[in-house]
Amino acid sequence: MIVMVALAIAIFAGAPRGFADETAKLAPMATDAPQPGVQKFTVVAVQIGTTKFWLPSTIIVHQGEKVILTLKNDIPGAEDRHGFSLPAYNINEVIERGQPKTVTFVATREGVFPYLCQLHAAHVGGQLIVEPKMQDESR
Ligand SMILES: [Cu+2]
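As the structure is a prediction and not an experimental result, all values here were calculated from the model.

Draft legend 1. Broad picture of the sheet that holds strand β2 (residues 51-55). Spatial ordering of the open sheet is given by β2-β1-β4-β7, a layout of four strands whose pairing is mixed. If you trace the sheet from one side to the other, it starts and ends with β2 and β7 (101-106), each paired once. Each neighbouring strand pair of the sheet contributes to a mean axis angle of 20 degrees, computed without reference to strand direction. Where strand β1 (residues 38-48) lies against strand β4 (residues 66-73), eight bridges are found, and the strand directions are parallel. If you follow Thr-42 over to β4, its bridge partner there is Thr-70.

Draft legend 2. Structural context of the coordination of the copper ion. Only His-82 (ND1), Cys-117 (SG), His-120 (ND1) and His-123 (ND1) from the protein coordinate the copper ion, and they sit 2.1 to 2.3 Å from it. In this structure, the copper ion is surrounded by four donor atoms whose angles at the metal cover 92 to 148 degrees, and the resulting shape is irregular. Read in sequence order, the donor residues for the copper ion give the motif H-x34-C-x2-H-x2-H. Highlighted residues: His-82 in strand β5 (residues 81-86) and Cys-117 in the loop between β8 (111-115) and β9 (126-131), separated in sequence by 35 residues. Here the two residues His-82 and Cys-117 agree in accessibility, since each one is buried.

Draft legend 3. Representation of the nonpolar core. Ranked by internal contacts, the top residues of the largest apolar core, which has 22 residues, are Trp-54, Leu-69, Phe-84, Leu-86, Tyr-89 and Leu-128. Among the elements of the structure, β1, β3 (58-62), β4, β5, β6 (91-96), β7, β8 and β9 are those that each provide at least two residues to this core. Considering every element that reaches this core, the biggest residue donor is β4, with three residues.

Draft legend 4. Spotlight on the sheet that holds β3. The mixed open sheet is built from three strands, whose spatial order is β3-β9-β8. Edge positions in the open sheet fall to β3 and β8, since each of these has one partner strand only. On average, each strand axis in the sheet is inclined to that of its neighbour by 20 degrees, with strand direction left out of account. Bridging between β3 and β9 involves five bridges; their strand directions are parallel. Its bridge partner being in β9, His-62 is matched across the sheet by Glu-131.

Thresholds applied
Residue numbers restart at each chain and count upward from 1, following the sequence in its written direction. Confidence filtering applies because this is a predicted model: local features only for residues at pLDDT of at least 70, side-chain atom pairs given and counted only at 80 or more, and all residues used for totals across whole chains, interfaces and linings. With hydrogens and water set aside, each side-chain value is computed from the structure's full complement of heavy atoms. Two strands qualify as a pair provided that DSSP identifies no fewer than 2 bridges between them. The way it works is that DSSP assigns letters per residue, a run of H or I at least four long becomes a helix, a run of E at least two long becomes a strand, and they are numbered from the N terminus. Between N-to-C directions, angles span 0 to 180 degrees; the directions come from axes that are lines fitted to C-alpha atoms, helices contributing only their stretch in contact. Only nitrogen, oxygen and sulfur atoms within 2.8 Å of the metal, or 3.2 Å for Na, K and Ca, are treated as donors, and water is left out, so sites may look incomplete. In these descriptions, tetrahedral denotes four donors with every angle between 85 and 135 degrees, square planar four donors and octahedral six donors with opposite donors over 155 degrees apart and the rest between 65 and 115, and irregular any other case. Only protein chains enter the accessibility calculation, which uses a 1.4 Å probe. A residue is then buried if its area is under 20% of the maximum for its type, exposed if over 50%, and partly exposed in between. Buried residues of nine kinds, namely Ala, Val, Leu, Ile, Met, Phe, Trp, Tyr and Cys, make up a nonpolar core once their side-chain atoms join them within 4.5 Å.

Shape descriptors only; they carry no functional weight alone.
Written out as structure tokens, the structure reads:
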């Protein structure tokens with residue numbers, strides 16, 4: 001009887017430790033943590049129905065942040081090149097299907113700036129919104 005009680009206590013005492021180990025395994029990995037002051041987006045040219053779009057159609061960053069855009073052209077068809085132009089930041093790229101490009105710039109100018117496909121007028125673009133610098137510099 002004493003052995004049974006001792007065994008029960010030992011099993012009970014072991015349980016919380018086992019649970020803690022499981023919790024540790026579920027903790028998120030810190031390897032892909034966002035870098036402060038850096039904003040990364042993937043912007044994709046897609047076709048919905050007969051209309052071509054750059055999506056997302058709105059990108060929001062803060063003034064002074066480094067912006068990294070990965071540009072992908074996923075539009076099928078004979079035309080395998082689409083443009084990505086952000087005139088306010090002097091960005092003019094041609095993106096071939098299957099060959100993504102990365103552009104990097106610092107959002108120095110505050111405001112709302114359109115982006116578009118410089119090769120096709122009907123290809124719907126979007127806007128980069130650069131908000132004023134955050135007052136709290138501790139982030
Ligand atoms: Cu286009």
